[in-house]
Amino acid sequence: MITRPSHSEAPSRPRALSRPRARALALSAVPLVALLAVAGFAPLPYSVARPGQTTDVLGTHRGGEVISISGAPVRKTSGQLRMVAIQATAPQVDIRLGEVIDGWLREDRAVMPRDAVFPPGKSDAEIEKHNIAEMKSSQHAATAAALGFLKKDPDRVKVALRLEDVGGPSAGLMFSLGIVDKLDGGGSGGDLTGGRTIAGTGTIEADGTVGAVGGAALKTQAAKRDGASVFLVPKAECAQVQPAPDGLRLIPVTTLKSAVQALRALAKGGAGGSVPSC
């Protein structure tokens, strides 16, 4: 409710500040201005991430096959299965307030606590070593999950995965799918991809369980940029990747089996309930 003054009331005039009070307010503003100035130049404990590279695990990288298989017939594949990475500022790089604000305002950037991206207290070289070790562990799990799904004997079928310049475990799901496509395709002679460019992310355990990863929303942007029409995402992260870039279909997965089933249904032209969506 808004009231108006009656005719008998004179409008009150704003009261001028006394000189001592005005001086006190001016002096109290000095530390605030100084604090903001310092904050603008002081390094902050954040990392700024952006969409990174994508790599087709069915293809070659730096002159060699990403997935090499011996001990079993290997199919000739079409389409692509692209693993997706993000690019984050290294822990030794100072991030200033302006960069943090810019990252918050841009859709193609994400500002994350540095310790959530990199192991704390380690040098760049130690972090690189840690990420490579995680990638190797992920590759072993991806191989075990794929061969287990296909009921192939790991003592007979040997898989070598080659992708040296990308670290971390988030390519596990796509490695497993690449192995499945090379050995079995869609299960009835066709390609698991259906000839499409399919991207995705997710860790994987040896039993085929798919786990969540960081930066999934940025990865959808990289996937769309590099021609993908479908993006596989751990089901728990569906909310984080919406809205998806125009023309990119999101398929939630929880296991390697659910991912294979969704892609096989998609390759056969399945729609609606046969292919899940976020």
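Scroll up a little and you will see the structure.
Rules behind the numbers
- Residues numbered from 1 in each chain as written.
- Predicted model: local features only at pLDDT ≥ 70, side-chain atom pairs only at ≥ 80, totals over all residues.
- Heavy atoms only, no water.
- Helix = DSSP H or I, 4+ residues; strand = E, 2+ residues; numbered from the N terminus.
- Buried < 20%, exposed > 50% of the residue type's maximum accessible area, 1.4 Å probe, protein only.
- Contact = heavy atoms within 4.5 Å.
- Areas by Shrake-Rupley, 256 points an atom, 1.4 Å probe, with all protein chains shown as cover.
- Expected span 1.5 Å × (residues − 1).
- Axes fitted to C-alpha atoms, helices over the stretch in contact; angles between N-to-C directions.
- Left-handed = near helix turned anticlockwise from the far one by under 90°.
- Salt bridge = Lys/Arg side-chain N within 4 Å of Asp/Glu carboxyl O.
- Pairing = 2+ DSSP bridges.
- Core = buried A, V, L, I, M, F, W, Y, C linked by side-chain atoms within 4.5 Å.
- Disulfide = S-S within 2.5 Å.

Student: An account of the overall build of the protein is needed here, citing residue identities and associated values.
Tutor: Within the protein, the secondary structure is distributed over seven helices and 12 strands. Looking at the protein residue by residue over its 278 residues, the buried ones come to 40%. Partitioning the intrachain contacts of the protein with sequence separation of at least 6 by distance along the chain shows that 77% fall at a separation of at least 24. Summed over all atoms, the accessible surface of the protein reaches about 15500 Å², with 54% contributed by carbon and sulfur.

Student: I'd like a rundown of helix α5 (residues 172–183), residues and numbers included.
Tutor: In this model, α5 (12 residues) spans 17 Å end to end at C-alpha, consistent with the 16 Å of a helix rising 1.5 Å per residue. α5 sits mainly inside the fold: 12 of its 12 residues count as buried. Where α5 is concerned, the buried positions are G172, L173, M174, F175, S176, L177, G178, I179, V180, D181, K182 and L183. A positive phi of about 60° marks G185, the residue just after α5.

Student: Give a description of the packing of helix α4 (residues 124–150) against helix α7 (residues 256–267) that names residues and reports values.
Tutor: For the pair α4 and α7, interaxial distance at closest approach is 10 Å and the crossing angle is 65°. As α4 packs across α7, the resulting crossing turns out to be right-handed. Judged by residue contacts, A145, A146 and F149 of α4 engage L256, K257, V260 and R264 from α7.

Student: Quick rundown of the pattern of salt bridges? Include the residues and the values.
Tutor: This structure, assessed with the given rule, holds nine salt bridges. R264 is paired through a salt bridge with D184; the nearest N and O atoms lie 2.9 Å apart. Highlighted residues: R264 in helix α7 and D184 in the loop between α5 and β8 (197–200), separated in sequence by 80 residues. Under the relative-accessibility criterion, D184 is labelled partly exposed at 30%. Between R225 and D226 there is a salt bridge whose closest N-O contact spans 2.9 Å.

Student: Hey, could you go over the sheet that holds strand β1 (residues 46–56) for me, with residue numbers and the actual values?
Tutor: Pairing in this open sheet of six strands is mixed, and the strands run β6-β1-β5-β8-β11-β12 from one edge to the other. Edge positions in the open sheet fall to β6 (110–113) and β12 (249–253), since each of these has one partner strand only. Strand-to-strand twist in this sheet, taken as the mean axis angle between neighbours without regard to direction, amounts to 35°. One ladder, built from four bridges, connects β1 with β6; its direction is antiparallel. Looking at the pairing, A49 lines up with A110 of β6. Sheet strands in contact with helix α6 (residues 216–225) are β1, β5 (80–88), β6, β8, β11 (230–234) and β12, and its direction is about 40° off that of β1.

Student: I'd like to hear about the nonpolar core, residue by residue, with values.
Tutor: A general feature of soluble globular proteins is that nonpolar side chains tend to end up buried together. Judged by nonpolar contacts, the single largest core of 44 residues is most densely connected at L81, L173, F175, L177, L183, L232 and I251. Within the residue set of this core, elements represented by two or more residues are β4 (67–70), β5, α4, α5, β11, β12 and α7. For L81, the residues in contact, after removing those within four places along its chain, are T55, D56, V57, L58, M174, L177, G178, D181, T193, I198 and L263.

Student: For the state of the cysteines, give the residues involved together with the corresponding values.
Tutor: Counted by the stated rule, this structure contains one disulfide. At a sulfur-sulfur separation of 2.0 Å, the disulfide partner of C238 is C278. Here the disulfide of C238 and C278 is left-handed, its torsion about the S-S bond being about -65°. Pair noted here: C238 is in the loop between β11 and β12 and C278 is in the segment after α7, with a separation of 40 residues, a long-range link. Of the residues examined, C278 reaches a relative accessible area of 31% and is grouped as partly exposed.

Student: An account of the environment of V260 is requested, with residue identities and associated values reported.
Tutor: With respect to the helices and strands, V260 occurs in helix α7. When its relative accessible area of 0% is taken as the criterion, V260 is described as buried. Residues V260 and V180, 80 residues apart in the sequence, show an inter-C-alpha distance of 8.4 Å. Leave out the neighbours within four places in its chain, and V260 touches F149, L177, V180 and L192.

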